[in-house]
Amino acid sequence: MSTTLTKPLHRFSARHAARLPLMVTATLLVAMFSIGSVQYEGFFSAQVLLNVLIDNGFLLVVAIGMTFVILTGGIDLSVGSMVALSTMLTAWLVQQNGLPLALAVPVVLLVGAGGGALMGWVIHAFEIQPFIVTLAGMFLARGLCYMISTESLSITDPTTTRIAQTRVLLPGGLFVSPAVVIALAVLALAFVVLHHTRFGRTVYALGGNESSARLMGLPVGRTKVMVYAVSGLCSALGGLLLTFYMLSGYALHAVGMELDAIAAVVIGGTLLTGGSGFVLGTALGVTVLGLIQTVISFQGTLSSWWTRIVIGGLLFVFILLQRLFGGSRQAE
Amino acid sequence: MTPPDDTGARGRPARPDRAPDARRLTEHRLFWPAAVLAALLLGNLALTHDFFAVRVQNGHLYGSLIDILQFGAPLILVSAGMTLVIATRGIDLSVGSTVAIAGALACEHIATAKDPGSLSTVTAAIAVAVGVAAAIGLLNGLLVARLGVQPIVATLVLMVAGRGVAQLITDGQIVSVSSSAYKMIGGGYWLTLPFAVLLAAALVAVASLVTRRTALGMLIESVGGNPVASRLVGIRAAGLLVTVYVVSAVCAAVAGLMISSNVSSADGNNAGLWIELDAILAVVIGGTALTGGRFSLGGTVLGALIIQTLSTTIYTLGVPPETTLVFKALVVIVVCLVQSPAFRARLSRRRRPAAPDPATAAGDLTARRQEVHS
Amino acid sequence: MTAPPTPRTPARTPAPASTDRPVLEARGIRKAFPGVLALDGVDLRLFPGEVHALMGENGAGKSTLIKVLTGVHPPDAGTVSVDGDPQRFTEPLGAQHAGISTVYQEVNLCPNLSVAENILVGREPRRFGLVHWKALHRRAARLITELELDLDVRMPLSAHSLAVQQLVAIVRAVDIQAKVLVLDEPTSSLDRDEVAQLFALVRRLRDRGVAILFVTHFLDQVFDLCDRVTVLRNGRLEGEYRIDELTPVTLVHRMVGSELSTLDELAETSHTGTAATPESADTPFLSARGLTRTGSIQPYDLDIHRGEVIGLAGLLGSGRTEAARLLFGADHADGGELRIRGERASLRSPRAAIAHKIAFCSENRKAEGLIGELTVRENIVLALQAARGWTRPLSRTRQDEIAARWTEVLDIRPADPEAQVRNLSGGNQQKVLLARWLLTDPELLILDEPTRGIDIGAKSEIQRLVSRLASEGTAVLFISAELEEVLRLSHRVGVLRDHRLVATLPNDTTLTPDRILGAIATGATS
Amino acid sequence: TTEPAPTGTTGGTGKGSSDGKLVLGFAQVGAESGWRTANTESVREAAEKAGITLKFSDAQQKQENQIKAIRTFIQQKVDVIAFSPVVESGWDTVLKEAKNAGIPVILTDRAVDSQDTSLYQTFLGSDFVKEGQEAGKWLVKEYEGTSEPVNVVELQGTTGSAPANDRKAGFAEVVKGDPKFKVVASQTGDFTRAKGKEVMQAFLKSHEDIDVLYAHNDDMALGAIQAIEEAGKKPGTDIKVISVDGIKDAFVAMQEKKINVVVECNPLLGDQLMELVKKVAAGESVPRRVEVEEGVFTQDQAAAALPGRQY
Ligand SMILES: Nc1ncnc2c1ncn2[C@@H]1O[C@H](COP(=O)(O)OP(=O)(O)OP(=O)(O)O)[C@@H](O)[C@H]1O
Ligand SMILES: Nc1ncnc2c1ncn2[C@@H]1O[C@H](COP(=O)(O)OP(=O)(O)OP(=O)(O)O)[C@@H](O)[C@H]1O
Ligand SMILES: [Mg+2]
Ligand SMILES: [Mg+2]
């Protein structure tokens, strides 16, 4: 006996439909860069693109952590404050307390991961909405910054400054900062984790349907805690990169970065409801935001408010085109 | 069709007796938010004993409680609009910008008018502000409903651009107006009560009447609860979505009028800054889930009042600004733990180790709120 | 045949002689939900190498018992032991580790993952610590073919029909090397062939010494497969029996607890055979010509008259659901012509179809039917309310009236219109969904697997309702995996194969399930 | 291959504009207040008047953005970079890049705390600490001779922002010398009118006898004045009001005797900036620190000064 399970005609497209928005986003990005190059003198250079990475490496790392959380259908509002806390903590430990950088870094990463895990545990154990728990985390981390100091703390520690001013030279007179290398490494790692480990696949399963995942015997609680820990770790790392970028710790660093990170993830094609998306899309999302910034800077004639309007407008055009070319996935 | 009458009643499943009244009360969805609010207020009373004192001054009521209501009014409005959006599984980040735009438009209109004090000028200003806000809501709604853009990005566009627009309107300056008619909206009194409070109460009352007395509320909840099923039931989700975003924007606009009227000036950059976060927080504290579905406007109002009371508490207690956020964080954590049935269940389990009381055990399970279901 | 209920057999029968002690044993399980005592002192024993049926009416507590056994719900009282050791599972994962593998009632899989991943997620084959995708796909494909299915395991699960999803869930559970396999209504939307496949598989497992707990509402399946049966009634244990002690009638008697007209119904298995199509001369209510949708259904012609019941038969994935969805505007047809009441119509959305007084009761109640958070009352009135628009609300009294009436007619339990639908048992949820559409007074009623998961008593009630509706002039399109049911109700039967309507057979006395199967096999157009 | 930053990627100046005009890259903090907008406008107008091409970038109050903007200016090879730092710290890396590219940098409005003073040419702007001190001095003078306790409430700017930190510190420094002054409450009003009013309203309820209000900027003071009036007290009389910035509305209020004193913080530094830009671009030496002309205005000066206020 044979079961007639006729294959649907659009097998290819069904399987690859999920990746289409990613390709569309990449194409739009190329188009945006081309238009910028035609429009502005000095725009068409590889260094401009690399600068986008240099200036957004920390955001990329933070957004990667956010991708994990959003893929499970959660959200983490604490990342911006966690970044600020990391800069503050690093500056405080290294500058005020004279701790060597090599010791401060693991401490900061541990604080980030631990804070994230704690939030994840509260979310899981007490079944409280992630939004509210991570909002409390956001208040708390920012508040702790103020408690360390309301002033901006400069870092003059020689190791830190040297690392901060190191440039990785590339052929053709191009250069990037070590932060870019780290961010790209984190991206590659995140890709492998999400697509090639059990933990990563459980993340997707959780986003697809949490109660099903539980009934399928997947370790829901552990995964949730880990996902928030990853996000906390990434924001701590992002904070460290920002510390190198700014050479200072400041309570008002990274205000609103959580929104940038969420926007990057969602523009990159990840569904806020979870279960669908790619970390590579997040990288594209960050690039989109960064490129918009660059275009604005190159324009150089916009008043403050027109800056905002144009950022919004470019974002609008971008998502509009993304929708028009990216197939007709209905809003969830 | 009329079903046949010949079906005999069959055996009903066994049901334990209904829970006693006390438990029913604590199970009411507004119980915990209300309890938290009461606790906050009583805490204040303990620290500042004339906290509840309300006296009449200049012909209107005056006191901390009145302040909480008056400053809470805009947040209540924004949160009420946000509640409807969240009930459809959406989110509206653009409310803060809408607040700023509405204030800017109205003040700019009044400031440039020949007769700033006249009722007609103010009415026109309000109409302009609300009209533009409705257009903003329409844009959000169309992006979400027609183009299927995720709500958070759709409204992010106007969140970013909107504040720019507000500043464009005011030319980056703070526009001051002196118009007693306009002042009425956010800073005036009527029947000894702040007009803003009456206005907010009226609008929220209208919203709950419209959603609960018509089928609107149920349809919104079903679209938020299961969009696929709602489509198959023939609900016009697109129309509903557009409606809720327009309502949210209009609520934000009225809040913007209140805020700008209260200080007689429009600040394109700062008016309503981060109010979207507070509003979402109020909605969530009020018991509406961000995943959509069931909503409770009453809960949202309580949530907004909790947030406003918290700010007032911070000012009254003299919490230094550096520790304000830590204080706030702790309160938010306590609020959500208290509201969490799972937490309460754990707590009572710890207090009475292994007491095999079936009634509580059953109560605990409400707690676990099993989404998992056969 | 109206058999009088046989005298009660002793409640306990000795355990099968072949075994010593139960692999899974539950004692005195008690489980209360707010307002409902779902289980009250229930015992269950499962021995290695037996197939054990768990029977009971809708809402009797079967699924709850299974959830308690597998750690989804903690019991309020009672013990669960595996191989004699008491266990307290807090997560399904714990039960899995203890060797209990479960297929829960609704499809509980992740729609966003591929079929292969759904089968293997959590146990992916790994190489160097990373998921070995090739091996994963190979293994999934092999498992799938064991059930003689043929599908691309890389496709997302959501691209497949509910029945396929159900099979995937079974494949997942079977793959886990377990001592105990629990199947909660696995056959509710499967065809004969799949059921046969599944049974063959179950027997193989049983012979290997696996204990199988099996829930179904199909009596013949119980008698076909099971060794023993435990009967629940209203959350209480009614008794445990060897299957050879029982007849279908006595078993139903145990489940229902009293002598009822449904027992008569049960005997009436032969189809009514009303071949004469009423009013066939008139213009049909709905007529499709060459209606098609690329990738889901080939062009088909179909006329449905007022007062006529058309059944659709076909194998798993043959396109019955797809064909029906086009008639409701749930999917958009991209070819062909549709006439309603003789006039051309184009259904852009379900709303348009509803405006033409068409109703469609989806096969997938969880994903496409109910709004879990809303109450029974709200779910019941939802379609009617949506049709009226939000400005014309049904008054609360009216809603209560409707809800109470339909709760009574379909015997929805608990009879509490304010209960959240997601807390109802599977069969009762299905009744709620049916009530929603039955009360809209449609002129064409499309029922896709309407009796999925519904117990025998309620099923005959629903069949009676459908017949009565048809006799009052409603056109009905009836889709069911159960051919007998289709034959019992339909005036004509459309046969689908490979996304194509291959035949429309009048249901005269000569039409038998075998003839339909023949038509499917040959694909012959008559 | 990691190495110290490449040096002299461009070197020299004058490549930024094709028409031979000087190009100034100006990275503004944002547009958070009317004061800031006046500051921006002043720079814009002065640049036009001086025939300098202005590349303007708005950082929306974020240091990251400002650093990005400066990088872009370097990329675009402008002649001079000027910026108002969001905060003092954290500029070394990007300033080094500018130095390596041979682009001179001018700081406006706020200083940076760089150890390496070769990183910028000059600083043009106000001294927030001094403003706080001025406010304190006025207070001390006002209550000279009395020994009764004076209760002060303070409305701080955005927590952690440089003006808030400095104005608080400067004020405290002067006032702490005399024990009769007591800051009974100090809370942030985020530099906005709405917040200023809200916080003041709470202060008025929790503190019976407030004698003086010190607000870190005019907007908060203006909001607080409304709160004082609604409480049935007279601002300027029952509660003395000290404010910083000097926007037009504050002068109006001062004229109405609602504010007692305004410590000016002058945003109109455009012309001075353009002077410096030209000099710096030409390689001339400039002083390390140029202060903007600022004053302290009291009620009797208000009427005279009001017509001249531009913002
Ligand atoms: N999470 C829950 N909350 C409240 N009541 C529940 C919950 N789960 C089940 N119940 C109730 O417990 C009783 C038993 O339900 P259960 O799902 O076990 O029935 P069942 O025997 O599996 O029925 P069916 O044949 O319809 O699947 C029902 O009355 C149901 O309403
Ligand atoms: N969105 C889709 N994309 C691709 N293929 C699909 C999609 N939906 C369904 N299919 C395929 O079309 C086939 C027909 O499904 P349909 O639901 O019509 O089957 P059916 O005849 O109703 O049978 P049953 O309900 O018993 O599964 C299925 O094999 C399924 O794999
Ligand atoms: Mg069940
Ligand atoms: Mg089907």
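Structure: see above.
Just so it is clear, the model here is predicted, and its values are computed rather than measured.

As for helix 9 (residues 216-225) of chain B
- The buried fraction of helix 9 of chain B is high, at nine of 10 residues.
- What helix 9 of chain B keeps buried is the set B:Leu216, B:Gly217, B:Met218, B:Leu219, B:Ile220, B:Glu221, B:Ser222, B:Val223 and B:Gly224.
- Each element contacted by the buried residues of helix 9 of chain B is listed here: helix 3 (64-87), helix 8 (195-213), helix 10 (227-232) and helix 11 (237-262) of chain B together with helix 13 (376-388) of chain C.

What about the pairing of strand 10 (residues 211-215) of chain C?
Residues and elements named next belong to chain C.
- Burial within strand 10 is extensive, with five of its five residues counted as buried.
- Residues Ala211, Leu213 and Val215 of strand 10 are buried on one face, and the alternating residues Ile212 and Phe214, pointing to the opposite face, are buried as well.
- Bridging between strand 3 (residues 51-55) and strand 10 involves four bridges; their strand directions are parallel. Within the sheet, the bridge partner assigned to histidine 52 lies in strand 10 and is leucine 213.
- Bridge count for strand 9 (residues 180-184) against strand 10 is five bridges, and the pairing is parallel. By the bridge assignment, valine 180 is partnered in strand 10 with alanine 211.
- Following the chain from strand 9 across helix 6 (residues 192-207) to the adjacent parallel strand 10, one finds a crossover that is right-handed.

Topic: the coordination of the magnesium ion (ligand 3)
All names here are of chain C.
- Distances from the magnesium ion (ligand 3) to its protein donors, namely Ser63 (OG) and Gln105 (OE1), fall within the range 1.9 to 2.1 Å. Of the two residues, serine 63 is situated in helix 1 (residues 62-69) and glutamine 105 in the loop between strand 6 (100-103) and helix 3 (115-120); the sequence distance between them amounts to 42 residues. Comparing serine 63 with glutamine 105 shows no difference in burial state: the two are buried.

Things to note about the sheet that holds strand 10 (residues 240-245) of chain D
Residues and elements named next belong to chain D.
- Strands sit in the order 8-7-9-10-11-13 across an open sheet of six strands; the sheet is mixed. Each edge of the sheet is formed by a strand with only one pairing partner; in this case those strands are strand 8 (181-188) and strand 13 (296-298). Pairs of neighbouring strands in the sheet enclose a mean axial angle of 20 degrees, with direction left out of account.
- Two strands pair when backbone bridges link them, and strand 7 (residues 150-156) and strand 8 are joined in this way by seven bridges, in the parallel orientation. Paired with asparagine 151 across the strands is lysine 182, a residue of strand 8.

Rules behind the numbers
All chains use their own residue numbering, which begins from 1 and follows the written sequence. As a convention, the first chain written is A and the first ligand written is 1, with the rest following in written order. Given that this is a predicted model, residues contribute local features only at a pLDDT of at least 70 and side-chain atom pairs are listed and counted only at 80 or more, while totals for whole chains, interfaces and linings are drawn from all residues. Each side-chain value is worked out from all heavy atoms of the structure, with water and hydrogens disregarded. Each residue is assigned to one of three classes by its accessible area relative to the maximum for its type, calculated with a 1.4 Å probe on protein chains only: buried under 20%, partly exposed between the two thresholds, exposed over 50%. Only DSSP runs of H or I reaching four residues or more are called helices, and only runs of E reaching two or more are called strands; each is numbered from the N terminus. Contacts are residue-level and defined by heavy atoms, with any inter-residue pair within 4.5 Å sufficient. By the convention used here, strands pair only if DSSP detects at least 2 bridges between them. Clockwise travel from the first strand over the helix to the second, with the strands pointing away from the viewer, marks a crossover as right-handed. Donors, by definition, are the N, O and S atoms found within 2.8 Å of a metal, the threshold being 3.2 Å for Na, K and Ca, and water is not counted, so a site can look incomplete. Note on method: axes are straight lines fitted to C-alpha atoms, helices fitted across the in-contact stretch only, with angles between N-to-C directions ranging 0 to 180 degrees.

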